[in-house]
Amino acid sequence: MSCENDLFCGINVPKSKNPDEMTDLEKKHTPVITAPEKVKAGDLFDVKVETGVYMKHPNEYGHYFGWIELYLDDTLVSRADLQPVLSSPSVTLKISATHSHEGKRKLRALAFCNLHGIWEGEKEIEVE
Ligand SMILES: [Fe+2]
């Protein structure tokens, strides 16, 4: 069975990385990652993952982000479980990359909205 148009099927990624070309749904849900362009292997650095950056998303009992996950390439680095109203769906995580991650790597954030499914944002960093 195809579920091409079902938001709960797979991971939602905006068609364009340019917010001016995103739909309102994409603007509200795509997580935005802030991190240094370059990091040293083994050093801790901050990664901020925010939702609702390009357009505000509700944070109420009937409609909210339930969790945010951060990956370095395909490795899960951290996961934050979120409550509506009581917590903000934007998190800052302190992480490090190992020597085996040297070179250009991809930070990927997934954010789950209870009404609109899982959304992905990414940012490339260089590990040296
Ligand atoms: Fe939503």
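Above this note sits the structure.
Residues numbered from 1 in each chain as written. Predicted model: local features only at pLDDT ≥ 70, side-chain atom pairs only at ≥ 80, totals over all residues. Heavy atoms only, no water.

1. Brief notes about the overall build of the protein chain
Part 1 of the reasoning: Looking only at helices and strands, the protein chain has 1 helix and 9 strands in total.
Part 2 of the reasoning: Taken from the N to the C terminus, the helices and strands of the protein chain come in the order β-α-β-β-β-β-β-β-β-β.
Part 3 of the reasoning: On C-alpha atoms alone, the protein chain measures out to a radius of gyration of 15 Å, which is about the 14 Å that the 2.2 N^0.38 rule sets for 128 residues.
Part 4 of the reasoning: On the principal axes, the C-alpha backbone points of the protein chain span a range of 40 × 35 × 30 Å.
Part 5 of the reasoning: Here the protein chain holds 128 residues, and 41% of them are scored as buried.
Part 6 of the reasoning: Considering only contacts in the protein chain between residues 6 or more positions apart, those separated by 24 or more positions represent 63%. (Helix = DSSP H or I, 4+ residues; strand = E, 2+ residues; numbered from the N terminus. Rg over C-alpha atoms; globule rule 2.2 N^0.38 Å. Buried < 20%, exposed > 50% of the residue type's maximum accessible area, 1.4 Å probe, protein only. Contact = heavy atoms within 4.5 Å.)

2. Some words on the sheet that holds strand S4 (residues 44–50)
Part 1 of the reasoning: Taken together, 3 strands build an open sheet; the order of strands is S2-S4-S7 and the sheet is antiparallel. Edge positions in the open sheet fall to strand S2 (32–34) and strand S7 (90–96), since each of these has one partner strand only. Strand after strand, the sheet turns through a mean of 25° between neighbouring axes, direction not considered. (Pairing = 2+ DSSP bridges. Axes fitted to C-alpha atoms, helices over the stretch in contact; angles between N-to-C directions.)

3. Description of the environment of Trp-119
Part 1 of the reasoning: Mapped onto the secondary structure, Trp-119 falls in strand S9 (residues 117–127).
Part 2 of the reasoning: Here Trp-119 falls in the buried class, since its relative accessible area comes to 3%.
Part 3 of the reasoning: Separated by 89 residues in sequence, Trp-119 and Thr-30 place their C-alpha atoms 5.6 Å apart.

4. Quick look at the coordination of the iron ion
Part 1 of the reasoning: Coordination of the iron ion by the protein is provided by His-29 (NE2), His-57 (NE2), His-63 (NE2), Cys-113 (SG) and His-116 (ND1), with metal-donor distances spanning 2.1 to 2.3 Å.
Part 2 of the reasoning: Read N to C, the donor residues that coordinate the iron ion are spaced as H-x27-H-x5-H-x49-C-x2-H. Here His-29, found in helix H1 (residues 24–29), pairs with His-116, found in the loop between strand S8 (103–113) and S9; they are 87 residues apart in sequence, far enough to count as distant. Summarising the burial analysis for this pair, His-29 and His-116 share the class buried. (Donors = N, O, S within 2.8 Å, 3.2 Å for Na, K, Ca; no water.)

5. Examining the nonpolar core
Part 1 of the reasoning: Counting 23 residues, the largest nonpolar core has Ile-33, Val-47, Val-49, Leu-70, Leu-107 and Ile-125 as the members making the most contacts within it.
Part 2 of the reasoning: The contact partners of Ile-125, leaving out residues within four places of it in the chain, are Ala-35, Pro-36, Glu-37, Val-39, Phe-45, Leu-72, Gly-103, Lys-104, Arg-105 and Leu-107. (Core = buried A, V, L, I, M, F, W, Y, C linked by side-chain atoms within 4.5 Å.)

6. Section: unusual backbone geometry
Part 1 of the reasoning: At Asp-73, a residue that is not glycine, the phi angle is positive and equals roughly 55°.
Part 2 of the reasoning: Of note, Asp-73 is situated in the loop between strand S5 (65–72) and strand S6 (75–81).

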